[in-house]
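# Per-entry structural report
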Amino acid sequence: MIDCHHYQEGNCRSCQWLEMSYERQLSEKISHLQVQLSHLNCIDLIWLQPFQSKQLAFRNKAKMVVSGSVERPILGILQESNDPNSAIDLSDCPLYPPHFASVFPILKDFIGRAGLVPYNIGKKKGELKYILLTESTSTGKLMLRFVLRSENKLALIRRELAGLLSKLPQLEVVSVNLQPQHAAILEGEQEIFLTEQQFLAESFNGIPLFIRPQGFFQTNPQVAAGLYKTAQQWIKNLPITTLWDLFCGVGGFGLHCAYGLQKQGQDIELTGIEISPSAILAAKMSAQKLALQNVKFQSLDAANFALNGNGEKPDLVIVNPPRRGIGKALSEFLNQIRPHFILYSSCNAVSMGNDLRCLTHYKPVKIQLFDMFPHTAHYEVLILLERVN
């Protein structure tokens, strides 16, 4: 068992399976996945061994609720959502990289210097709600975001920023996110950059990716890199010339697949669709960096784009939806246009199982579980589907 005093003292139960051996965790997840697919004809389905994660220090991001006082801020969680007295400091969480532990005291000192009073949800007073810290595993650079209720402390943050940057030279991107609502919402729509740099450069498998505020990026880089590499390998020998990457995020799947195919000399047309403008901007930067031809990334709702696809018929559709899955309408549309292959990446095998029920013109070819979230019941899964009629 991992030595975590927060879990042992009953203060944090985010890692529900911490007392379970890692081998059993993987076994439980595989069993759960098999149940979700039990309604399918999986006689010829190839099951690959689970892609395992590091068990410690695998996260590249810390999402910290800020509580306590301006003189003694607490970075971590609230055991009771509306009770600041239930705050638990998680600065030493073993899931974070060890060097994060030296960053948090500097951030706490900055909170005091800038007068960032932690927001008290019960009293509806204070300014600072969250601190979001993200690291690029390829460069070691950091992105820091302060989630504030208003702009009232912006001048003080700017005044103290030079001192913070001198103490943390690895800090490359700093921004303020405004979330004025009295609600359990992590971030708001408005982002105010305090540094000239507005993104972190990352690299998985030689593919440049970019992390921007408000753009989704996986929190387990080792497993995410394995997931994208696997997708690239699975499709490299398939007859593909046109590719849709729906719910594409920063473009990890589509870029890996298109780059791999173009490197083999194949002419590929890639269309990536994601509702987040920030993520699409990052994907365009990556495509430009790779000098990819015939690539188009658009900030649209993925389902709406597909349903209004102007008669286009791709050879491969990659879907990487949120937990709700792709839904019946999009599943039926894919049945209608019948691309040769569908590559489905899911963070919720239950909704994926429901979607596969609707994809009646497809059979599963191969599948692999990716343990993106050790010590919890959650996991990612990648499945390749082939058209049968």
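Residues numbered from 1 in each chain as written. Predicted model: local features only at pLDDT ≥ 70, side-chain atom pairs only at ≥ 80, totals over all residues. Heavy atoms only, no water.

### Section: the overall build of the chain
This is how the line gets drawn: Here a helix means four or more residues in a row that DSSP labels H or I, a strand means two or more in a row labelled E, and each is numbered from the N terminus. The reference for a compact globule is 2.2 Å times residues^0.38; the radius of gyration itself is calculated from the C-alpha atoms. Contact definition: two residues touch when any of their heavy atoms are within 4.5 Å. Only the protein chains shown count as covering a residue, and every accessible area follows the Shrake-Rupley method with a 1.4 Å probe. Just so you know, the count uses Lys and Arg for positive and Asp and Glu for negative, and it drops His and the chain ends. Think of each charge as sitting on NZ of Lys, CZ of Arg, CG of Asp or CD of Glu.
Assigned secondary structure in the chain consists of 10 helices and 17 strands. Rg of the C-alpha trace for the chain: 22 Å, near the compact-globule value of 21 Å for 389 residues, within the 12% margin. Reported as C-alpha extents along the three principal axes, the dimensions of the chain are approximately 65 × 45 × 35 Å. The contacts of the chain with a sequence gap of at least 6 include a subset with a gap of at least 24, amounting to 70%. For the chain, the exposed surface amounts to about 17200 Å²; the carbon and sulfur share of it is 49%. Looking at charge distribution, the chain has the averaged site of its 37 positive side-chain charges lying 2 Å from that of its 34 negative ones.

### Details of the side chain of T230
If you trace the backbone, T230 turns up in helix α5 (residues 221-235). When residues no more than four places from it in sequence are discounted, the contact partners of T230 are Q368, F370 and L382.

### Focus on the sheet that holds strand β16 (residues 362-370)
Short version of the rule: Any two strands between which DSSP finds at least two bridges are classified as paired. For every element, the axis is a line fit to its C-alpha atoms; helices are fit only across the contacting stretch, and the angle between N-to-C directions ranges from 0 to 180 degrees.
An order of β1-β16-β17-β15-β14-β11-β12-β13 is seen for the eight strands of this open sheet, with the pairing classed as mixed. With one partner strand each, in any of the chains shown, β1 (46-47) and β13 (295-299) form the two edges of the open sheet. Both strand β14 (residues 316-319) and strand β15 (residues 341-346) contribute to a ladder of four bridges, which runs parallel. Across the sheet, the residue bridging to V317 is I342, located in β15. Seen against the sheet, helix α2 (residues 22-36) touches β1, β16 and β17 (380-387) and runs at an angle of roughly 160° to β16.

### Structural notes on the pattern of salt bridges
Heads up, the rule is: Whenever Lys or Arg places a side-chain nitrogen within 4 Å of a carboxyl oxygen from Asp or Glu, that contact is recorded as a salt bridge. Buried, partly exposed and exposed residues are distinguished by accessible area as a fraction of the type maximum, computed with a 1.4 Å probe on protein chains only: under 20%, between the cut-offs, and over 50%, respectively.
Following the criterion strictly, the structure yields nine salt bridges and no others. With its nearest N and O atoms 2.8 Å apart, the salt bridge here joins E160 to R159. Overall, E160 belongs to the buried group, its relative accessible area being 18%. Taking the relative accessible area as the measure of exposure, R159 reaches 54% and is therefore exposed. Residues E332 and K328 are paired through a salt bridge, measuring 4.0 Å at the closest nitrogen-oxygen approach. Here E332 pairs with K328, and both are found in helix α9 (residues 327-337), just four residues apart, close to one helical turn. Judged by relative accessible area, which is 42%, E332 ranks as partly exposed. Linked by salt bridges that have partners in common, D109, R113 and K167 make up one network.

### Some thoughts on the UniProt feature "active site" (unreviewed entry) in the chain
Selection criterion: UniProt positions are given in the numbering used here, feature names are shortened, and annotations may be inferred rather than shown by experiment.
As annotated in UniProt, the feature "active site" (unreviewed entry) corresponds to C347 in the numbering used here. On the basis of relative accessibility, which here comes to 18%, the residue C347 falls in the buried class. For C347, the contacting residues outside a window of four places in its chain are P321, P322, R323, Y379 and E380.

### What to know about the packing of α2 against helix α10 (residues 349-358)
Rules: Between 65 and 115 degrees an angle is taken as roughly perpendicular, under 35 as roughly parallel, over 145 as roughly antiparallel, and anywhere else as oblique. Helix crossings are classified by the rotation of the near helix relative to the far one: an anticlockwise turn of less than a right angle makes the crossing left-handed, while a clockwise turn makes it right-handed. Gly counts as polar in this scheme, as do all residues outside two lists: the nonpolar Ala, Val, Leu, Ile, Met, Phe, Trp, Tyr, Cys and Pro, and the charged Asp, Glu, Lys and Arg.
Between α2 and α10, whose axes approach to 9 Å, the crossing angle comes to 25°. Accordingly, the angle class assigned to the pair α2 and α10 is roughly parallel. Our pair here, α2 against α10, has a crossing hand that is right-handed. For the pair formed by α2 and α10, the contact residues are H32, L33 and Q36 on the first element and A349, V350, M352 and G353 on the second. Its residues placed into classes, the contact of α2 with α10 shows four nonpolar, three polar and no charged.

### Brief notes about the environment of A258
Note on placement: A258 falls in helix α6 (residues 252-263). For the pair A258 and F370, spaced 112 residues apart in sequence, the C-alpha separation works out to 22 Å.

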